[in-house]
Amino acid sequence: MSAPGERGLVPERDWDVLVIGAGPGGSATAGLLAQGGHSVLVLEREHFPRFHIGESLLPAGLGVLARLGVEPCPETFVPKRGARFVCEATGRSQAFSFDEALDGCSRSAWHVERARFDTLLRDRARAHGATVVHGVNVDAAAAEADGVWVEAAGRRYRGRFLVDASGQSRLCARLGGTAEPYHRFGSSAVFTHYEGLSDEAMAELGPDFDIRIVVRSDGWGWVIPLTGKRLSVGLVSAGRATQTMLEEGLLAGPLVSGLTRGARRLDTHVVANYSYRNARPVAPRFAAVGDAACFLDPVFSSGVTLALRAAESVADCVGPALDQGREGDPELLLAHGESMERAYLTFAALIDRFYNTQIAQTLFLGNVEGMPGRPGVMSVLAGDVWRSDNPFQEMLLGAKRRPARAKP
Ligand SMILES: Cc1cc2nc3c(=O)[nH]c(=O)nc-3n(C[C@H](O)[C@H](O)[C@H](O)COP(=O)(O)OP(=O)(O)OC[C@H]3O[C@@H](n4cnc5c(N)ncnc54)[C@H](O)[C@@H]3O)c2cc1C
């Protein structure tokens, strides 16, 4: 007999919304739309809990979690004060706290183990009434004039609106040939977890539990404290990241070797990490959210937060439109698309500078305590990129050099 959540039990019906993927983008969109009384079917190819990278959240996503009723329990959430940039070659380091950001943004954030976090978000989506089915790989999808459909293993599901939240699989961008690469960012990552951190290591990481961003000549590294005395450590390279590069570089350096003394190293993963954008993230009856819309090099930990904010923005447009029968309106998501584009461009411009200018040494590792523009920098680092009063963000957006994208 099939267990709840298996494909055999998906009711035969037309849905208001079909969602591909139950990562943060998919589960948040589904939960918010279901909260508004809409029927939502989420099809997810993996069974949860499953490993996923992307463990450090920004303050700007916390409001979405609150709307979904997510309780930041200590089994899953480590409080994060901000980010500390570190250069082991020069011994320089500088911490940025979210407390320093411009007024109006949340001042704290979290690190999460994604296997638990994604399961929790999935459970919130279900609690609000969404149907989430695992073990279903969607192979085809389309938004047509009078409705939408997806196909998985020969079965067709129908609805009124389609959300692609398939992450880096970017199903609809691949089907439509609309993915455009960003150049000159990181292109691959290698990472691992440690468990059984010593009390000394925990004391060194806390009480602030900042993410450590290690600026290196072969790329950059992250050090993220997780619950249960675990540590996530990874390296992103502009070339091909290898296990040897991780082991002989970041893991052997004083920061990680000190923190992990006596701890047990778990599996190592290598992933391609090419940044891209979907040139058609919205269309009539369709929206891509999260990495299915745009994936940016993770140096500023923006991915989950942007996925959550896109989910919220889509749900807030599509929910009322479904009530009024306007979900096919070609203009429905134009403002949403522009607002997300502003966020993506802001982070892309900052990432471009991180890789291709001296900004890491001057701004993130230089002595800029008390610098007048620092709150604006901090607001961008907090993901608070939908405001119009931040000169640092305007500088990023206004700058002429935008060489990163393949096509203008
Ligand atoms: C090395 C690295 C480090 C990162 N670090 C951070 C970080 O510190 N902080 C941060 O915020 N972000 C980070 N990110 C980015 C973050 O992982 C993503 O931005 C985030 O997971 C996006 O959420 P999502 O819901 O769009 O996609 P995902 O979380 O990838 O979810 C997509 C889901 O869709 C499912 N799916 C895919 N295709 C199909 C299909 N055809 N049918 C059915 N289901 C499908 C997948 O199984 C998956 O569960 C990092 C990324 C990388 C590569």
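Residues numbered from 1 in each chain as written. Predicted model: local features only at pLDDT ≥ 70, side-chain atom pairs only at ≥ 80, totals over all residues. Heavy atoms only, no water.

## Structural notes on the site of the ligand
- Near the ligand, the surroundings consist of 35 residues, among which E44, H52, S56, D291 and V304 are the closest.
- Here an oxygen atom of the ligand sits 2.7 Å away from a polar atom, N or O, in the side chain of D291.
- Contact between the ligand and V304: an oxygen atom at 2.8 Å from a main-chain N or O atom of the residue.
- Out of a free accessible area of 1000 Å², the ligand has 96% covered by protein chains.
- Elements represented by at least two residues in the shell around the ligand include exactly helix 1 (24-35), strand 2 (40-44) and helix 8 (303-324).
- Looking at the shell around the ligand residue by residue, the class counts come to twelve nonpolar, 16 polar and seven charged. (Near = heavy atom within 4 Å. Polar contact = N/O pair within 3.5 Å; in protein donor to acceptor, adjacent residues only side chain to side chain. Areas by Shrake-Rupley, 256 points an atom, 1.4 Å probe, with all protein chains shown as cover. Helix = DSSP H or I, 4+ residues; strand = E, 2+ residues; numbered from the N terminus. Nonpolar A, V, L, I, M, F, W, Y, C, P; charged D, E, K, R; others polar.)

## Thoughts on the pairing of strand 10 (residues 155-164)
- Of all ten residues in strand 10, seven are buried; the element is thus mostly enclosed.
- The pairing of strand 9 (residues 147-152) with strand 10 spans five bridges and is antiparallel. By the bridge assignment for strand 10, E151 is matched with R156.
- Between the antiparallel neighbours strand 9 and strand 10 lie two residues, among them A153 with a positive phi of about 45°.
- The pairing of strand 10 with strand 19 (residues 286-288) spans three bridges and is parallel. Across the sheet, V163 pairs through a bridge with A287, a residue of strand 19. (Buried < 20%, exposed > 50% of the residue type's maximum accessible area, 1.4 Å probe, protein only. Pairing = 2+ DSSP bridges.)

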